[in-house]
Amino acid sequence: MEVSKEIIELNIHSPLQQLENPLFNDKGVQVFIKRDDLIHPFISGNKWRKLKYTLQKAQSLHKSHLVTFGGAYSNHLVATACAAAKFGFRATAFVRGEDVTNHSLMLCRMFGMNLIFTDRERYKNKQELYDQNFADDDNSFFIDEGGSCQEAVTGCSELISELDQSFDHIYCASGTGATAAGLLRGIEQAGAQTMLHAVSSLKNGSFLKHEISRYHENSQNLVLHVDYHFGGYAKTTHELLNFLKQFASSTGILLDQVYTGKTAYAMFDMIGNDHFETGSKILLIHTGGLLGLLSQVGKI
């Protein structure tokens, strides 16, 4: 299989929009949203930023088979499957847990991805899984769960250079730490004093500070929030779902309940509790992942 040479030609369309809300006027803050969800229908949000240089590396090493990992509702799997199809790679994913069918895995199959369902215990050692199945495949290329790697951090750091104005605070969701590390790198490269608020989507998310430090050691601009997980990864509550509905109906912008929705809730909550000085400019990064909303059919 010949890999396409157009990997860097997927244009990023990620506009900056100001959000209007009576709360912001009352508290004297300006709030904007970076619409990374509009980059691509399936390689959306931070997924393209995390995959861009990873795919270029695979291409430079003459690898044609992407092998990655994720849960049954993984946005990363859908994005990798679509990117593989678009740029001429084969794709295989180890899927955590029992063999199931859902909208995300259906799309993976539509894009030609081979799925290997793996029990949760064996899934914990991803490198061993890869070696057992693909050590003899010279064309295969390992991509970690969520796409996390130094190349992903580099891709995410570029978001900061796209901003045409400065911000006092930036909010982003955090699941593996790679996106936050990239944004910190971008902030440092820009010489900015912006504070990055990384909101953990997982319960007991304090470990993310260590994960972020693996990719970017300077964390003086980082604030990690671990109390807005709503029960844990992929967990939600009626309170969060009602917030997502209210946000969508007042802005025309959908947020998912796994990542950006929790981050937006945290931002609104902190604004409401006078966390920011009057005149502060705040940016919310929309990291995509809207397919997750489909799992909430009948609940909203």
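For clarity, every value in this text was computed on a predicted model and none was experimentally measured.

Peer 1: Describe the side chain of His197, naming the residues involved and giving the relevant values.
Peer 2: Structurally, the position occupied by His197 is in strand E8 (residues 195-200). Engagement of the side chain of His197 in a polar contact is seen with the side chain of His169, the distance being 2.9 Å. Discounting chain neighbours no more than four positions away, the residues touching His197 are His169, Ile170, Tyr171, Cys172, Val223, His225, Met270, His275 and Phe276.

Peer 1: Report on the packing of helix H10 (residues 238-251) against helix H11 (residues 260-272), specifying residues and quantitative values.
Peer 2: Remark: H10 packs on H11, axes separated minimally by 10 Å, with the N-to-C direction vectors making an angle of 85°. Between H10 and H11, the angle falls in the class roughly perpendicular. Contact with H10, carried on its side by Glu239, Leu240, Phe243, Leu244 and Phe247, involves Gly261, Lys262, Ala264, Tyr265 and Phe268 of H11 and no other residues of that element. For the contact of H10 with H11, the residue count by class is seven nonpolar, one polar and two charged.

Peer 1: Any details on the sheet that holds strand E3 (residues 65-70)? Residues and values, ideally.
Peer 2: Overall, parallel pairing links the four strands, which are arranged E5-E4-E3-E6 in an open sheet. Every other strand in the sheet has two partners, leaving strand E5 (114-118) and strand E6 (140-142) as the edge strands with one partner each. Shown here is a sheet whose adjacent strand axes are inclined to one another by a mean of 25°, direction ignored. The sheet contact formed by strand E4 (residues 90-96) and E5 spans five bridges and is parallel. Within the sheet, the bridge partner assigned to Val95 lies in E5 and is Phe117.

Peer 1: So, helix H6 (residues 126-134): which residues are in play, and what are the values?
Peer 2: Considered for burial, the residues of H6 that qualify are Lys126, Leu129, Tyr130 and Phe134. Mapping the buried residues of H6 onto a view down its axis gives an arc of 95°, with all of them on the same face. At its buried positions, H6 is contacted by E3, E4, E5, helix H5 (120-123) and E6.

Peer 1: Describe unusual backbone geometry, naming the residues involved and giving the relevant values.
Peer 2: Only a minority of non-glycine residues have a phi that is not negative, and only a minority of peptide bonds are not trans. One non-glycine residue, His62, lies in positive phi territory at about 60°. Its location among the elements puts His62 in the loop between helix H2 (46-60) and E3. Positive phi is not limited to glycine here, since Ala234 has a value of about 65°. Checked against the element boundaries, Ala234 lands in the loop between strand E9 (222-225) and H10. For Ala234, a relative accessible area of 42% corresponds to the partly exposed category.

About the thresholds
Residues numbered from 1 in each chain as written. Predicted model: local features only at pLDDT ≥ 70, side-chain atom pairs only at ≥ 80, totals over all residues. Heavy atoms only, no water. Helix = DSSP H or I, 4+ residues; strand = E, 2+ residues; numbered from the N terminus. Polar contact = N/O pair within 3.5 Å; in protein donor to acceptor, adjacent residues only side chain to side chain. Contact = heavy atoms within 4.5 Å. Axes fitted to C-alpha atoms, helices over the stretch in contact; angles between N-to-C directions. Parallel < 35°, antiparallel > 145°, perpendicular 65-115°, else oblique. Nonpolar A, V, L, I, M, F, W, Y, C, P; charged D, E, K, R; others polar. Pairing = 2+ DSSP bridges. Buried < 20%, exposed > 50% of the residue type's maximum accessible area, 1.4 Å probe, protein only. Arc of directions from axis to C-beta.

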